[in-house]
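Below are the chains, spelled out letter by letter.
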Amino acid sequence: MKRLAMGILAHVDSGKTTLSEALLYQSGQLRRLGRVDHRDSFLDTHRLERDRGITIFAKQAQLRLPGMEMALLDTPGHVDFSAETERTLQVLDYGLLIVSGTDGVQSHTETLWRLLERYRVPAFLFVNKMDLPGAGREEILRELRRRLGESCIDFEQPEETLWEQLALCGEELMEEYFASGRIADGTIARAVAQRRVFPCCFGSALRLEGIERLVGLLSRFTCMPPYPERFSARVFKVSQDEQGARLVHMKITGGCLRVKESLAVGGTPEAPKTEKIDQIRVYSGARYQMLEEALPGTVCAVTGLSGLRPGDCLGEPGLGQAPLLQPVLEYKLLLPGGTDPYTALKALQKLEEEDPQLHVDWREEAREIRLRLMGEVQLEVLEKLIPERFGFPVGFGPGAILYQETIAAPVEGVGHFEPLRHYAEVHLLLEPGEPGSGLRFGARCREETLAKNWQRLVLTHLEEKAHLGVLTGSPITDMKITLVSGRAHLKHTEGGDFRQATYRAVRQGLRSARSILLEPWYSFRLELPQEAVGRAMTDLERMGASFEPLRADGEAAVLEGSAPVSEMRDYAARVVEYTRGRGRLTCLPAGYRPCHDPEKVIAAVGYRCDADLENTADSVFCSHGAGFVVPWDEVPQHMHLESALAKPQEPSAGLAAGAQAYRAALAQDAELMRIFERTYGPIRREAPAALHTPKQPLRPGAAPARPPKDTGPEYLLVDGYNIIFAWPGLKELAAQNIDAARGKLIDILCNYRAFRQCELILVFDAYRVHGGVGSVEKIHNIHVVYTKEAETADMYIEKATARLGRNFKVRVATSDALEQLIILGHGALRISAQAFEEEVKAVETAIREIIGGRS
């Protein structure tokens, strides 16, 4: 049986919830039809939804059709709640886009179409309200093809005509049609799943017209995607039930999930944080069914998990892209007299868990709370929702544009914190990033300079805080911040010292740099009658917009371009006014760009960074037993470490990078040689030969004491976590999900082993896992070892090399210097993580060339 997740999407008031009711009624799930205007629809379960007549929260219903079980997800149609819709899209197998037959393709319809394209979701289209006066069927179909794409095909036409049109949508379809004169359902279903065809049908959900045809299309032309055997899931929503229990809504994308099973929801590889599943619920409206296990493709709600948020992925890599629809307006929360702001903050943080786009921000200096919202309708809903859930009334101040800041060129930031009996110094390299890249953090600091545990602490402090710029106090973005140097004191340094030094280093770097104020922009499409073109172009030029040359679309004129959000906020209403209802403006977020009038904005905000004591750029040094404050611009004269920018930078690519790597390997060999001599005495033969076991000549007729190493299999031992945190790609993945990083490394090494034909043993460190007894698994063609409690991966590898090195050629992939020394003593060959990564990439290139040569 097929298990699918289908979302219903539409511009507000297109009949989306009504169609959901019709589908459930047609399939026998409902005994009678509810209606939005009667406030008794099956899926609008919340009082606010029934009062306003719109969908606010994504809801689930179970639709059972012949040979198929479908999770039907009804999403909000209003643009103010589009963040909820976008999160739901990430778990859909198919989308059902509804277009109003009376209004045609509207502004939010195009936004939803772009979201379906962004997340690669196949889609069916249903043109609703065909029983009302409006455009004809052919005219609507032409508009769909013009605005959404030529692959929108009417699936209600005769089969011969349908096959002819489908043949134009792809080579596979055309070849089958020319070969047999028809196209099989399976071929069409594959084309739909690949987004090469978008089936369209027409009807009226309120009158149940066309519903049976739509159900037939869904049954015939959908297919269940393949799922891996290993467990994985994707969280798209967090809510609470009537008793206040926290519900984590997810789709199972691999394996299965069982009640009382423990899941890793955070922590570190050495000490992962796990939580146990209490219940698995499959909702249909307000009712739910309890399951003992959820199979792949199931959309369910889970209780017992407190460490997950919307967008989290379990057992698989994250999506790796920020949401397209993000709020660009910020509102101040107004609390009645006597209400504790800290209590209100705690309550709102629960809402933020359910909707991360709220970005609840506490301003300590003003003792006020700010939220990011999509628009006025969401604000009105929150004004009613907060008193209902938390028991205190709220109001909101006027909305303000949410600005951001970045820098123009690389700069070093230095923070020093040294009051009496405290010490920490941090050097950070701040570099501008690509537009839309956000903030990225990393470390390029030697452990001899700053121990690894302090480096991890600095990175934690960088990630935990919303760092503010120095122009308007807005959040910073589009930067890479790298820890390049630091110092701790053996006796006096505490964890909080590095927090202070890190915050001050970021701020000092921002004060030293040339900052750029960024503002949000819209990409727009403006359709209007020809006589209104002059007015529109004058308005757009005044706004500072950039736009393409005017073009015609039927009888209307079309202008497309981009403009600042601050200028476009109320322009849609003005377009309707001066075109007398014949104009239409469609806007879509286009990211952040340099502000078109920064001096005016900075003066209006009036931010004084010197007065912002919560975000100071000054450092604290110690002299004669007392601490003293050094202004940010004098810190370079007092800092204890040299500037990292003064050091020559390592070559980035090509022969220079290869030469540098070779010199580093030679230096490391020399250091190992010195350690050997200090430990075991001076070397009596040539130094390079000391790294290899000498070959003793055999007496005539004598048998060798052991088999030559070249005749047996070659063994390669890989220190799993050392490799994961040394390879940049796996390190980034591990920061989101360590299980996914382990699985990715296993897949890479399976391909490597198949090509190299060596015995490969991958060792993962589990010495902090309480009660762990250790295990060895055969995964495809490699052995994966999880060490037992109180045994590190280093210890296991040392024992294995001592045992195997007597008879076989053994290599060990690790960058742990101490482990390399011990390996060398056991007769094994060492390979650094960087050199091993290059070797693996060479193998992957060879495999691709072989495959390419055969195809």
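Everything numeric here is computed off the predicted structure, so don't read it as measured data.

Visitor: Tell me what's going on with the nonpolar core, and back it up with residues and numbers.
Guide: Among the nonpolar cores identified, the biggest contains 47 residues, and Ile369, Leu371, Phe396, Leu526 and Tyr571 are the most heavily contacted of them. If one sorts the elements of this core by residue count, strand E28 (residues 515-528) sits on top with six residues. When neighbours within four sequence positions are excluded, Ile369 is seen to be in contact with Tyr331, Lys332, Leu333, Pro341, Ala344, Leu345, Leu348, Val360, Asp361 and Trp362. Counting 44 residues, the second-largest nonpolar core is a separate cluster that includes Leu4, Leu24, Phe155 and Leu218.

Visitor: Outline helix H23 (residues 793-804), listing residues and values.
Guide: In this model, H23 (twelve residues) spans 16 Å end to end at C-alpha, consistent with the 16 Å of a helix rising 1.5 Å per residue. Restricting attention to buried positions, one finds in H23 the residues Ala793, Ile797, Ala800, Thr801 and Leu804. Seen from one end, H23 has its buried residues packed into an arc of 100 degrees, which puts them on one side.

Visitor: For the pairing of strand E35 (residues 715-719), give the residues involved together with the corresponding values.
Guide: Looking along a regular strand, one sees the side chains alternate between the two faces of the sheet. Counting buried residues in E35 gives five out of five residues, a clear majority hidden from the surface. The alternating pattern of E35 places Tyr715, Leu717 and Asp719 and Leu716 and Val718 on opposite faces, both of which are buried. Pairing analysis gives five bridges linking E35 to strand E36 (residues 759-764), with the strands arranged parallel. Across the sheet, the residue bridging to Tyr715 is Glu759, located in E36.

Visitor: Could you give an account of unusual backbone geometry, with specific residues and numbers?
Guide: The phi torsion of most residues other than glycine is negative, and most of the peptide bonds are trans. For Lys129, which is not glycine, the phi dihedral falls at a positive 60 degrees. Looking at the secondary structure, you find Lys129 in the loop between strand E5 (123-128) and helix H5 (137-147). Phi at Leu208 takes a positive value of approximately 60 degrees, unusual for a residue other than glycine.

Visitor: Break down the sheet that holds strand E7 (residues 198-202) for me, citing the residues and quoting the values.
Guide: Judged by pairing direction, the sheet is mixed, and its seven strands sit side by side in the order E2-E3-E1-E4-E5-E7-E6 without closing on themselves. This sheet does not close on itself; its edge strands, each paired only once, are strand E2 (59-65) and strand E6 (152-154). Across the sheet, the mean angle from the axis of one strand to that of its neighbour is 30 degrees, orientation sign disregarded. Where E5 and E7 come together, three bridges link them in parallel fashion. Residue pairing across strands places Val127 opposite Phe202, the latter belonging to E7.

Visitor: Describe the sheet that holds strand E37 (residues 775-779), and please don't skip the residues or the numbers.
Guide: Across the sheet, which stays open at both edges, the six strands sit in the order E37-E38-E36-E35-E39-E40 with mixed pairing between neighbours. Each having just a single partner strand, E37 and strand E40 (829-831) make up the two edges of the open sheet. This sheet shows a mean twist of 20 degrees between the axes of neighbouring strands, independent of strand direction. Here four bridges tie E35 to strand E39 (residues 810-813), and the two strands are oriented parallel to one another. The residue bridging Leu716 from the neighbouring strand is Arg811, located in E39. Running over the sheet, helix H22 (residues 738-756) touches E35, E36, E37, strand E38 (782-786) and E39 and is turned about 165 degrees from E36. Docked against the sheet, H23 engages E35, E36, E38 and E39, running at close to 170 degrees with respect to E35.

Visitor: Give me the environment of Gln455: which residues, what numbers.
Guide: Among the structural elements, Gln455 can be located in helix H12 (residues 452-464). Taking relative accessible area as the criterion, Gln455 reaches 3% and is therefore assigned buried. Sequence separation between Gln455 and Arg487 is 32 residues; the distance between their C-alpha atoms is 9.9 Å. When sequence neighbours within four positions are dropped, the list of residues in contact with Gln455 reads Ala443, Cys445, Arg446, Glu447, Leu450 and Leu483.

Visitor: Describe the packing of aromatic side chains, listing the residues and the values that go with them.
Guide: Under the criterion given, the structure shown has 16 aromatic pairs. Between Tyr94 and Phe124, the aromatic rings sit 6.0 Å apart at their centres with planes inclined by 55 degrees, giving tilted as the arrangement. Residue Tyr94 is located in strand E4 (residues 94-100), and its partner Phe124 is located in strand E5; the two are separated by 30 residues in the primary sequence. This pair shows no difference in class: Tyr94 is buried, exactly as Phe124 is. When the centroid spacing of 6.5 Å and the interplanar angle of 25 degrees are considered together, the rings of Phe390 and Phe392 count as stacked. With a relative accessible area of 10%, Phe392 lands in the buried category. Ring pairing ties together the aromatic residues Tyr721, Phe764 and Tyr786, which thus form one cluster. A cation over a ring is seen here: Arg281 above Tyr288, with NZ or CZ 4.4 Å from the ring centre. Positioned over the ring face of Tyr503 is Lys465, at 5.1 Å from the centre of the ring.

Visitor: Could you give me a rundown of the pattern of salt bridges, with the residues and numbers involved?
Guide: Counted according to the given criterion, the structure contains 40 salt bridges. For Glu172, the salt bridge identified is with Arg190, shortest N-O distance 2.8 Å. Placement of the pair is Glu172 in helix H7 (residues 171-180) and Arg190 in helix H8 (residues 185-193), with a sequence separation of 18 residues. Residue Arg551 pairs with Glu560 through a salt bridge whose shortest N-O separation is 3.4 Å. Residue classification places Arg551 among the partly exposed residues on the basis of a relative accessible area of 37%.

Visitor: So, the confidence of the model for the protein chain: which residues are in play, and what are the values?
Guide: Per-residue confidence for the protein chain gives a mean pLDDT of 84; residues scoring 70 or more make up 87%. The low-confidence segment residues 648-655 (pLDDT under 50) makes five contacts with residues lying over four places distant or belonging to another chain. Per-residue pLDDT stays below 50 along residues 685-708; that stretch engages in 14 contacts with residues further than four places along the chain or on separate chains.

Visitor: Summarise the packing of helix H3 (residues 82-89) against helix H4 (residues 107-118); cite the residues concerned and give the values.
Guide: When two helices pack together, their arrangement is captured by the angle between the axes and the distance separating the axes. Look at H3 against H4: their axes get within 10 Å of each other, and the N-to-C directions meet at 30 degrees. Judged by the inter-axis angle, H3 sits roughly parallel to H4. Of the two possible hands of crossing, H3 and H4 adopt the one that is right-handed. Contacts between H3 and H4 involve Ser82, Thr85, Glu86 and Leu89 from the former and His108, Leu112, Leu115, Leu116 and Arg118 from the latter. The residue makeup of the contact of H3 with H4, split by class, is four nonpolar, three polar and two charged.

Quick notes on the rules
Residues numbered from 1 in each chain as written. Predicted model: local features only at pLDDT ≥ 70, side-chain atom pairs only at ≥ 80, totals over all residues. Heavy atoms only, no water. Core = buried A, V, L, I, M, F, W, Y, C linked by side-chain atoms within 4.5 Å. Buried < 20%, exposed > 50% of the residue type's maximum accessible area, 1.4 Å probe, protein only. Helix = DSSP H or I, 4+ residues; strand = E, 2+ residues; numbered from the N terminus. Contact = heavy atoms within 4.5 Å. Expected span 1.5 Å × (residues − 1). Arc of directions from axis to C-beta. Pairing = 2+ DSSP bridges. Axes fitted to C-alpha atoms, helices over the stretch in contact; angles between N-to-C directions. Phe/Tyr/Trp six-rings, centres within 6.5 Å; stacked < 30°, edge-to-face > 60°. Lys NZ or Arg CZ within 6 Å of the ring centre and 35° of its normal. Salt bridge = Lys/Arg side-chain N within 4 Å of Asp/Glu carboxyl O. pLDDT = per-residue confidence, 0-100. Parallel < 35°, antiparallel > 145°, perpendicular 65-115°, else oblique. Left-handed = near helix turned anticlockwise from the far one by under 90°. Nonpolar A, V, L, I, M, F, W, Y, C, P; charged D, E, K, R; others polar.

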